[in-house]
Amino acid sequence: MMSVKSLLWRQILSAYCVIFLAAFSVSAQQDPNPDSLTPILISEPDSLRALANAPDKFGSGNFSKIKNRAFEPNSKVVLYVTNLDLMADEGANAFRVNVEDAQGRHYRFPVLDIQRLNGQEWIYALTVELRDILGFHTQTAAEGDVLVSVAWRGLASNRLRLGFGATGGTIKDDTGAAPSPFPKTPIKTSVNSEPPNAVGYLYSGDRTRFLEQATFGPTPALDERIRRIGLRIWLEEQFNAQYPTNPYPDFPLMPSTAPPDCNGNNTPPDPPDVPATCSRDRYTMYPVQNWFFKEAFYGNAQLKHRVAWALGQFWVISGVDTQQSSYMVAYHQLLSKNAFGNYRTLMNDITLNPGMGNYLDMVRSTRNNPNENFAREILQLFNIGLFMLNQDGTLQLDNNNQPIPTYDQETVNNFTKVFTGWQLCETTGASCPNRTPGAPNYKDPMLLNQNNHNVQAKTLLDYPNAVNKNIAANLNGNVEMQLALDNIFYHPNVAPFVSRILIQHLVTSDPTPAYVGRVAGVFNNNGSGVRGDLKAVVRQILLDPEARGNVKTDPNYGKLREPVQLATNLLRHFGVRSANPGTSQSDGYINPQVSSMGQNTFYSPTVFNFYSPDYVVPGPGLNGPEFNILTTGTAINRTNFVNTMVYSQIAGGSTNAPLGTSINLAEMQALAAADTTSNRLLDTLNTKMMHGTMTAQNKATIMTAVQALPSTDPLGRARAAIYLIATSSQYQVQR
Amino acid sequence: MKQDRREFIKKSSCALGMAAIATQVEHFGLMSALAQKTDDGMDFNPPSDYRALVCVFMAGGNDGNNTVIPNHSDASLSNYQSYAAARSAQGLALAQNTLLPISVPRMNNLTYGLNPNLGILPPSGTTIINNGIHELWAQGKMAIATNVGTLVAPMTRAQYQNGSIRRPFQLFSHSDQVSQYQGGRADTPVYTGWGGRVSDLRTAPDNPGGLIPMITSINGAQLFTAGNTTLPLAIASATTPLAQVLNPQGFNTTAASQARLAAFNQLRTQDLGANYIKAASHITDQAMIANQALGSNPQEVTVPFPTTTIGNQLKQVARIIKKRGDLAVNRQIFYVQIGSFDTHNNQIAGQGNLLAQFSQAVRSFNDEMIAQGASNNVTLFSMSDFSRTLNPAGVGAIVGSDHAWANHMFIIGGAVNGGNFYGVNTSNGTPYPTLTMNGPDDADSGSGARGRWIPTTSVEQYAATLARWYGLPEADMQTVFPNYNNFLGNTNLGFMQP
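Residues numbered from 1 in each chain as written. Chains lettered and ligands numbered in written order. Predicted model: local features only at pLDDT ≥ 70, side-chain atom pairs only at ≥ 80, totals over all residues.

### As for the interface of chain B and chain A
To keep it simple, the criterion reads: Contact definition: two residues whose C-beta atoms, as placed from backbone geometry, lie within 7 Å. A run of DSSP states H or I qualifies as a helix once it reaches four residues; a run of E qualifies as a strand once it reaches two. Both are numbered from the N-terminal end. Polarity classes work like this: nonpolar for Ala, Val, Leu, Ile, Met, Phe, Trp, Tyr, Cys and Pro, charged for Asp, Glu, Lys and Arg, and polar for all others, with Gly in that last group.
Contact with chain B, which involves 55 residues of that partner, is made by 60 residues of chain A. For the side of chain B that touches chain A, the secondary structure elements donating two or more residues are β7 (233-234), α10 (255-267) and α11 (275-295) of chain B. At twelve residues, α11 of chain B tops the list of elements feeding residues into the side of chain B that touches chain A. Residue classes in the side of chain B that touches chain A are distributed as 30 nonpolar, 21 polar and four charged.

### Description of the domain arrangement of chain A
Worth spelling out the cut-off: The domain boundaries here were taken from an automatic or database domain assignment.
Taken domain by domain, chain A comprises domain 1 (1-33), domain 2 (40-164), domain 3 (342-488), domain 4 (496-543) and domain 5 (559-734). Summarising the inter-unit geometry, the C-alpha centres of domain 2 of chain A and domain 5 of chain A are found 39 Å apart.

### Regarding the nonpolar core
Worth spelling out the cut-off: Nonpolar cores are identified as sets of buried Ala, Val, Leu, Ile, Met, Phe, Trp, Tyr and Cys residues joined via C-beta atoms within 7 Å. With C-beta atoms placed from the backbone, a residue is labelled by how many other C-beta atoms lie within 10 Å of its own: buried for 20 or more, exposed for 12 or fewer, partly exposed between the two.
If you look at the biggest cluster of nonpolar residues, it comprises 341 residues, and the most contacted ones within it are Leu-79 and Ala-721 of chain A. Those residues in contact with Leu-79 of chain A that lie beyond four places of it in its chain are Leu-41, Ala-50, Ala-52, Leu-126, Val-128 and Val-150 of chain A.

### Regarding the packing of helix α22 (residues 696-707) of chain A against helix α23 (residues 714-727) of chain A
All names here are of chain A. In plain terms, the rule: The axes used here are C-alpha line fits, helices contributing only the stretch in contact, and every angle between their N-to-C directions lies in the interval 0 to 180 degrees. Take the far helix as your reference; a near helix turned counterclockwise from it by less than a right angle gives a left-handed crossing, and one turned clockwise gives a right-handed crossing.
The interhelical angle for the contact between α22 and α23, taken along N-to-C directions, is 145°, at an axis separation of 9 Å. As for the relative orientation of α22 and α23, their crossing is right-handed in sense. Every residue of α23 that contacts α22 at Ile-702, Ala-705 and Val-706 is listed here: Arg-717, Ala-720, Ala-721, Leu-724 and Ile-725. Classifying every residue of the contact of α22 with α23 gives seven nonpolar, no polar and one charged.

### Observations regarding the pairing of strand β7 (residues 111-117) of chain A
Residues and elements named next belong to chain A. Where we set the bar: Only strands joined by at least two bridges in the DSSP assignment are considered to pair.
Two strands pair when backbone bridges link them, and β7 and strand β8 (residues 120-129) are joined in this way by six bridges, in the antiparallel orientation. Its bridge partner lying in β8, Val-111 is registered against Val-128. Joining the antiparallel neighbours β7 and β8 is a turn of two residues, in which Gly-119 adopts a positive phi near 80°.

### A few points about unusual backbone geometry
Residue and element names in this part refer to chain A. Of note, the amide linkage connecting Val-274 to Pro-275 takes the cis form, showing an omega dihedral of -10°. Position of Pro-275 among the secondary structure elements: in the loop between α4 (220-239) and α5 (278-283). In the segment running from Asn-580 into Pro-581, the intervening peptide bond is cis, with an omega of 10°. The residue Pro-581 is located in the loop between α17 (563-573) and α18 (591-596) in this model. Phi is positive for Asp-46, close to 55°, though the residue is something other than glycine. Counting through the fold element by element, Asp-46 comes out in the loop between β1 (40-41) and β2 (52-53). Overall, Asp-46 belongs to the exposed group, with 8 C-beta atoms counted inside 10 Å.

And the structure:
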């Protein structure tokens with residue numbers, strides 16, 4: 001996969017050598033222009049109708065004869081696209097054809113093939129089947145024009161008409177749409193590059209976008225760092241950064257039944273708790289939550305914190321069951337330790353983790369009384385999912401066009417047997433260093449009791465060249481577990497399954513199969529023959545051309561910021577600190593606010609996390625996991641969180657919030673004071689928060705409200721502007 | 001309840017708290033459908049009465065085998081002894097003298113038993129505020145639909161085993177079985193719920209001018225409530241007053257504040273070509289419209305509710321029902337949820353506690369509906385992921401059970417033909433399954449069979465009986481339930497009065 005990546009950069013290099021050299025001349029950094037070309041869908045001459053013909057006419061060369069025709073549903077059609085520059089291996093699955101009908105419903109047509117035209121290599125012929133694959137709406141009646149556009153790497157082409165069953169109908173062309181006729185020579189559109197106003201990585205929009213994906217929010221300091229050293233060196237720095245910056249909470253293991261002096265007894269006379277915060281700190285996730293947010297606000301190893309958070313949102317355990325903070329800390333330590341390690345080690349460590357063992361019942365699953373909870377979820381939720389996937393994450397289909405199950409109940413039963421016989425680490429001696437008499441040991445890995453292990457032969461996952469499909473009888477349970485984890489790890493679904501989820505958490509909710517495939521390829525082989533190298537996977541996710549670029553225009557690109565990211569991003573933009581006057585760091589106590597937005601951190605309601613990776617947004621019919629928790633109620637709570645932070649603060653001085661949390665608006669206030677037109681204020685916020693995507697219309701709307709405040713109130717103006725940006729859907733959706 | 005276009009626009013722009021912005025209204029699916037219809041000069045003939053369905057989802061898979069139990073010794077059917085034989089050794093059988101008796105006409109008037117936590121509880125632990133739901137059986141206000149589950153088409157054990165009838169996909173998996181229950185379809189994943197699809201079809205005719213969506217969830221976004229063209233209202237439970245659940249804070253009446261509010265609203269009319277932005281804006285729009293309606297004329301319930309999660313959810317539902325006139329709605333669907341039924345361990349205490357919470361909260365809701373004079377207009381029903389294996393998981397105090405299939409559901413309200421079992425007969429000639437591992441109703445086979453009952457009544461049959469009472473025309477049944485025709489002849493289970 002290294003070769004593909006170097007090919008990518010070589011191709012971009014050749015395409016943009018002029019720009020690249022310009023950048024090179026002022027710095028020695030190695031990141032080229034991140035912007036891909038914007039595809040252009042070719043129209044009929046002097047018309048807003050897509051140039052299109054049947055596949056058998058493809059390449060006939062006589063395009064002037066194709067005119068104004070309609071195509072039957074489910075037929076195949078060739079569309080023509082230019083202004084592309086493909087990597088080796090980049091094919092049909094890098095493209096999406098988005099369709100809107102006269103009723104405003106959205107569809108997606110599958111792209112079956114892409115070829116260059118002989119002798120006119122700057123033209124690409126896209127073979128498309130006129131059949132919706134989103135499946136959200138009943139397919140439109142074939143009775144008139146629909147609008148089609150082509151998206152590639154998050155960039156959308158112009159939209160043109162296509163006769164669907166018939167031509168005509170009531171659909172309206174886009175405002176400002178113009179014909180884009182067949183170019184006789186290559187089109188040379190310059191990509192949207194920025195002036196060389198600084199050394200290093202000069203793409204300011206992409207710097208901010210990158211930091212939204214790789215951290216808990218851009219800060220001026222990080223932006224400056226990346227501007228100087230570029231993305232790749234920054235990634236290497238992060239891979240080696242010490243973690244955590246703030247030490248993990250460290251509370252002792254406690255008995256399952258809380259003792260009277262740790263709030264276990266509420267009937268009078270209730271003995272005082274020792275210390276007074278005993279119950280809160282040991283029997284709730286409070287210290288983990290505050291630590292988590294402090295690390296997000298101030299930690300140096302941002303990328304590891306971010307990836308560990310993503311991993312913990314599909315390898316889920318929850319404070320709903322795992323009641324002690326020390327359990328969750330032991331679990332999170334495994335997530336962070338393995339975030340840049342090998343995925344197979346992560347599988348092993350979590351399988352043996354007592355918190356997971358308790359959460360999904362493996363710790364009480366025995367030969368005679370098996371429990372299938374962990375066996376099912378390690379397949380369904382953590383590693384392979386329900387259906388066989390292609391390497392680009394798309395579903396494999398059988399001869400009847402049905403998805404192919406990855407396993408059945410019998411498989412679950414067999415894995416259940418594999419995972420029997422494990423118990424908490426309670427032996428005296430070196431193997432259980434954290435053992436605490438009287439308290440269950442939820443820190444050290446579980447130990448096998450072979451007597452409780454089911455030693456029958458087992459049949460595990462079957463797949464082409466399956467590893468360890470059959471497990472012989474009478475094996476040691478530990479040996480068997482390793483064989484079974486390998487059986488899962490080498491399943492072909494693991495790479496696309498894990499890659500897609502991580503892309504969704506870091507970059508975009510509905511990645512193209514090509515993007516998933518490129519990341520899965522790295523998962524399968526990091527270039528040195530190693531499978532499961534998460535460092536390489538994360539690098540590929542963040543440097544992929546579908547992730548990078550100053551601006552993304554594909555209407556289906558981006559992701560709703562989950563509550564954690566919305567909160568930390570907003571606070572980090574403006575120097576998050578303790579409550580006013582803010583002379584110290586925040587105490588990190590913002591979980592009540594984040595919880596009200598639908599994400600009670602470390603208390604996922606179920607093993608399915610706060611939201612499903614497969615959640616489909618009603619209306620557009622797109623994958624949008626975080627929309628699973630965006631409701632009328634949480635939408636307003638998000639707005640109210642912004643209001644609290646911009647116009648007020650989270651007060652300090654209480655037991656749970658000794659220091660409080662506020663943001664520092666002095667710089668924005670000074671900008672508003674220095675320029676009574678407020679243009680500089682809005683332009684700065686546009687760069688800082690919107691990476692330059694604020695439209696003239698957005699700006700005019702915000703400006704009206706800003707100027708409704710007198711110029712003598714620069715703080716009020718700064719607040720109004722920040723409130724309006726942060727509450728806007730344009731900001732709440734990370735693009 | 002006739003309403004013309006001008007009045008409609010006036011109401012909706014008021015609701016936005018700003019001068020009329022027609023562009024804003026334009027992209028509400030619900031609103032534009034209404035505006036369109038009035039434009040065509042059509043009169044609405046909305047229903048003259050009020051009806052509401054309240055779905056209580058018992059998340060995690062409530063163990064039906066310990067919810068409705070044979071309490072008789074009739075040897076021709078599974079009796080208490082057959083139940084105890086399967087569960088008592090591991091400690092999962094409930095003692096017979098603790099069961100709450102119910103007489104069941106459909107079972108030859110044999111006695112069955114409810115879990116003891118569904119009735120009068122000892123005054124310890126949680127605060128007990130009423131007698132629970134057991135009494136409603138004798139009052140004829142509570143029915144039980146038995147052996148209900150996800151099906152693609154009716155299926156015998158032989159057909160299940162030989163694969164001649166298609167099985168629901170991913171049986172025994174939480175997420176998929178929840179989706180099939182809530183989606184009303186078991187052969188393929190769906191993106192909308194049956195509640196949402198009813199809302200798509202019935203909002204315009206039933207709730208013209210409704211100021212909130214037809215569906216309200218007090219438990220966040222759920223598949224059940226998702227429609228193609230309509231969105232649910234999702235709000236916090238009764239710990240937050242209705243006037244506060246959707247209120248954007250920080251605005252006052254000064255010109256500058258109003259200008260900021262106008263800009264806040266205006267931004268949601270921009271960049272709608274980007275689909276995620278449009279979707280987020282749409283949800284906030286819905287919230288802003290509903291906020292105006294919910295914020296006025298507060299109503300409080302008069303019956304005490306337990307302060308549990310489910311109690312607070314049902315209390316919020318009751319408040320909204322009390323405000324139904326202000327909200328201009330004739331038909332409403334509600335979704336509430338009680339979680340943690342996934343009792344792989346510690347089931348006796350865990351499920352018992354949850355059923356007590358369920359029973360207390362539902363009884364309060366029932367009594368509040370009577371107090372509001374709405375008992376005959378509101379029907380509460382239960383759903384759950386699946387039932388659990390008859391064969392226990394583990395042993396002793398920690399004993400639990402694993403994921404299974406067919407389950408028993410409660411239907412409660414004044415319009416219910418209560419005091420009986422409903423459903424399609426199993427192989428034993430009654431609607432209650434045979435409690436035998438590897439027996440005639442078990443999906444499992446062989447010596448390792450654990451007792452996962454094959455449903456005889458589909459989710460569709462159960463839901464269609466409810467939807468028909470709600471007012472969904474027969475012609476629309478197949479739109480809402482795509483596999484409806486697979487169950488023809490048995491699509492009205494009879495537990496609702498006409």
